[in-house]
Structures are given as C-alpha cells and as structure tokens.
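# Close look at the chain arrangement
What follows is the residue order along each chain.
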Amino acid sequence: FQHYYITNNLRMAKYDLTNALSEFMDLHLVFPLLEFLSTRDIYKSDSLMKSKYQLLQNTNMVDFTIDVFSGLHPDEDPPEALHQKRNEVVRQLTSLQERSSQVIEMFSKKDVAEVVEKHRDSQQLWDFLSDNYKFERERLDDVFHYGKFMYDVGNYAIASTNLDFYRNLAPADSKYYSSAQWGKLASEILQQNWDEAMEELERLKDNISAALHLTYSEVLVQRAWLIHWGLFVYFNHPQGRDSIIDVFLHQKPYLNAVQTMCPHILRYITTAVVISKRRRDGIKELIKVLQQESYKDPITEFVESLYVNFDFDEAQAKLKECKTVIENDFFIVGCLDEFTENARLIISEIFCRIHQRIEIDMLADNLNMEPAEAEKWVVNMIRLAHLDAKIDSKNGYVVMGGTSVPVYQKLIDKTKDLHLKANSCCQKIDKKLTLGI
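The shown structure was predicted, so the numbers you read here are calculated from the model rather than taken from an experiment.

## A look at the pattern of salt bridges
Under the definition given, this model contains 18 salt bridges. We note a salt bridge from lysine 205 to glutamate 202, for which the minimum N-O separation is 3.8 Å. Of the two residues, lysine 205 and glutamate 202 are both situated in helix α12 (residues 194-210); the distance of three residues between them amounts to about one turn of the helix. Per residue, the accessibility class of lysine 205 equals that of glutamate 202, and both read buried. Linking glutamate 301 and lysine 318 is a salt bridge whose minimum nitrogen-to-oxygen distance equals 2.8 Å. Of the two residues, glutamate 301 sits in helix α18 (residues 298-307) while lysine 318 sits in helix α19 (residues 312-327), which places them 17 residues apart along the sequence. Among the charged side chains, a network of salt bridges with common partners joins Asp164, Arg167 and Glu200.

## Here's the deal with the nonpolar core
One finds Ile265, Ile269, Phe302, Phe331 and Phe339 to be the most contacted residues of the largest nonpolar core, which totals 115 residues. No other element matches helix α13 (residues 216-234), which puts 10 residues into this core. Dropping the residues within four chain positions of it, phenylalanine 302 is found in contact with Ala315, Lys318, Leu319, Cys322, Phe339, Ala343 and Ile347. Judged by nonpolar contacts, the second largest core, of 21 residues, contains Phe107, Trp126, Tyr166 and Tyr177.

## Some points on the packing of helix α10 (residues 156-169) against helix α11 (residues 177-190)
Two numbers describe how α10 lies on α11: the axes approach to 9 Å, and their chain directions differ by 150 degrees. Between α10 and α11 the crossing geometry is left-handed. For the pair α10 and α11, the contacting residues are Tyr156, Ala159, Ser160, Leu163, Asp164, Tyr166 and Arg167 in the first and Tyr177, Ala180, Gln181, Gly183, Lys184, Ser187, Glu188 and Leu190 in the second. When the residues that make up the contact of α10 with α11 are grouped by side-chain class, the tally is seven nonpolar, four polar and four charged.

## A word on the pairing of strand β3 (residues 397-400)
With three bridges joining them, strand β1 (residues 357-359) and β3 adopt antiparallel strand pairing. Of the residues in β3, the one forming a bridge with glutamate 359 is tyrosine 397. As paired elements, strand β2 (residues 389-392) and β3 share four bridges and run antiparallel to each other. The partner of isoleucine 391 across the bridge, within β3, is valine 398.

## Details of the packing of aromatic side chains
Evaluation of the coordinates by the stated rule reveals 16 aromatic pairs. The interplanar angle of 45 degrees and the centroid separation of 5.9 Å between the aromatic rings of tyrosine 53 and phenylalanine 69 together place this pair among those described as tilted. Placement of the pair is tyrosine 53 in helix α4 (residues 45-56) and phenylalanine 69 in helix α5 (residues 62-72), with a sequence separation of 16 residues. Assigned by exposure class, tyrosine 53 and phenylalanine 69 land together as buried. Look at tyrosine 268 and phenylalanine 331: their rings are 5.8 Å apart centre to centre, the planes differ by 85 degrees, and that puts the pair in the edge-to-face class. Taken together, the positions of tyrosine 268 in helix α16 (residues 266-275) and phenylalanine 331 in the loop between α19 and α20 (336-353) put the pair 63 residues apart, joining distant regions of the chain. Across this residue pair, the class does not change: tyrosine 268 and phenylalanine 331 are buried. One aromatic cluster is present, built from ring pairs that chain together Phe36, Phe232, Phe235, Tyr268, Phe330 and Phe331.

The rules behind each value
Residues numbered from 1 in each chain as written. Predicted model: local features only at pLDDT ≥ 70, side-chain atom pairs only at ≥ 80, totals over all residues. Heavy atoms only, no water. Salt bridge = Lys/Arg side-chain N within 4 Å of Asp/Glu carboxyl O. Helix = DSSP H or I, 4+ residues; strand = E, 2+ residues; numbered from the N terminus. Buried < 20%, exposed > 50% of the residue type's maximum accessible area, 1.4 Å probe, protein only. Core = buried A, V, L, I, M, F, W, Y, C linked by side-chain atoms within 4.5 Å. Contact = heavy atoms within 4.5 Å. Axes fitted to C-alpha atoms, helices over the stretch in contact; angles between N-to-C directions. Left-handed = near helix turned anticlockwise from the far one by under 90°. Nonpolar A, V, L, I, M, F, W, Y, C, P; charged D, E, K, R; others polar. Pairing = 2+ DSSP bridges. Phe/Tyr/Trp six-rings, centres within 6.5 Å; stacked < 30°, edge-to-face > 60°.

Here it is as structure tokens:
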C-alpha cells in the first residue's frame, strides 16, 4: 500500500505513520486508518479516495468498490469488470454456502455449541462430532474457506464464527490454522469486540512463541505484525495501555522486533509510558531505548528533552507539537487530554526536583496557566509525586525540601506493581487452564 502524496499540510504529512503502519497490516485493517485521515486536513480527499480504491481492488467488497469509484468519477459508469467480479463473488458465495451448509447447521445445534464451549481439545470435539453427526475431516477445510470468504466480503461476524469453528477443530499443524488465528483476531478488531480481541491477541502471542517450525526471521516478522494489530486492541481495551509497556517495552523479544523491524512504534510506547500511572516503572528503560534509536518525532523528543537534556523550553515547544501529532494519529487521538495533563505533571515534577525555590508565576508561564490555576496544579502535583515541598502563597513561591522519594514510599510503589503483575499472571494461568492450552 502506498497512498498518493498529494497533501494539504506537508508538516503534518511528515509525521503521518499510515504508510509505515500499513506494511504490517491486513488490507481490511488499513481502511479505518484511511477513514480517519479523511476527517483530517492532511491529504486531499481525492488522493485518499484513490488509495482506498486501489486497496479495494484486492478484496471481494465489490459494492464498496463501486461506491468509491462513483465518488471518484460521478459522471462515469463503473467499469464492466467490476460488475463481472460482483457476479463471480456471488457465484463463489453460493457455492461455499452450499458446501458449508451442513457444517453450519450442525454447529448451530445447542448440544454442539455446548460441547464446543466446554471442550477446547480438538480430538475430543472430533470424537463427539464423528460419533454423533458423522462429521468427516474433509469438510473442515470448507469451514475455513467459507469463513475466509466472508471476511473478504466484509462480513466479519460470520467470518469470526466460522474461523473459530475451524481453529477449535483443526490440529495446530493444520494447513490453515495460522491463517484462521490471524483472521479471527482481525474479525474481532473490525467488530470492535475488544475483550474478545484481547483474548485472541494473547492466544496468538503464545502460539508464536511456541511455533518451533518457524525460523527466527519468520518469528520476528510475525511479532512485528502482532505489534501493529495489537495497537487497535491496546488503545481501546481498558487495560490495554499498560499492556503496551509490559509487552512492547519489557518483553525482550517484542522490543527486539520494534527496534529491528518497526522503530516508529516507539511513538506509541512513549505515549503509553507518559499516560501510565506506572510511569516510573517504564521511563528508565524507555529513555535507554530512545537514545539507541534514530527514530524521532515530537512525542519521543518531548521525553528526551526532559529526561536527557533537562531543557524545559524545548520540552514546552515539543509539547505544543505533540498536540498536533496526537490529534492526527488514529491510535492515540483519544489520549490527547490525558497526555497533556500527564506531560504537564512530568514537567512540573522534574522542574521541582532540580530547584530549591520556584516562582509560581514562572511555573504558570511554563504550563500556560493563570497563577491561581498553577498554584492549585502544583498542590496536586506535590501530592501525586510525593514531593517534600510547601507553598508560600504570600510570596508566590514553591519551596522544596528533600527531593528524594522516601524509602517506605518506594517500597509501597514496588509492592503495588508486584501485586498487579501477580494478579495478571494468575488470571492468564487460569484462562489457559480453562481453555486447555
């Protein structure tokens, strides 16, 4: 995928990652990114429509393709080739439905659904279906082909159901097993079923790690794909943002994939660290990674300006640029307010830690606030950051005491993190035991 570089805003196009992201995504996952760009004043609408039309040529969403063509060429009839392709898609769909009808009917039965839900072991399912419904192994591929075809035409709900059936019945070394897993994940993402998508993401992550038949390069590529598909899940699931830090930054195989295949993902890791309540847990590792990599954008430069250069003027300038970048990024546009709030907190916290006495007026200027608002902000920041400081409202100063975090507070913070991680591990183990993995 390459979109046409006809821009309304060259400055913002410079920071647009759509091209880089799409290299690691299925075509269907690129469409939401293009729809988002169409609401932003970065590329001209005609250029985005051409990109969308170009992508649709490789799918079976013929009606959608015809609509896009009509939008591009309102005075022309759609090409005859599109009508012929539509007829062929209908013919294939009818054929696959006929071949799969017996299987679909079987899986719709209550007793079968209960067994599928209860037993995740494929051999047990085979035994049940073979004994009770004379199910033959040759019919299983029909289930996969029907599910994949429904995905290609954009019916993600039916695709998800059939791909799940195939995956539950097929051995892990089956020809289409891996494709079914990826298709199931994509279907849940495109339906915005974030809980199910998170489960699929974890399951796929485990299977990639256990895939002994793959070469190192193949595993690296699969992890890079999972990282990109995971952005949809992690930035929409309630527990997703901390998972970005835990997986992409703290798990060495995935950090290696980021550094080797897709350093632009550092934008999303940095954003997750800035907005995380567990920021201290990831900031040191993040800074080490940022200093090793050549990839830069205003979000990564904001963190470096504070934690490496201690340049507060540069940090303020980069924070203003961050707003523009975040507003025009599909994955993190919803994090803007949270990012701005936490970025201000970081600036104030670091500024207070390296000064003994700070004028509230000067701090207000740095934070683009009124002095009274800045004073309230500082009070809140001192409480959250556990700083030894007091406000001299009469003279308009913040007076710092000892700047180090008390040992007992460090111990409490560490214990909280360990408790959260232990609970997370227990939940994953329980889930795997339930699924029989």
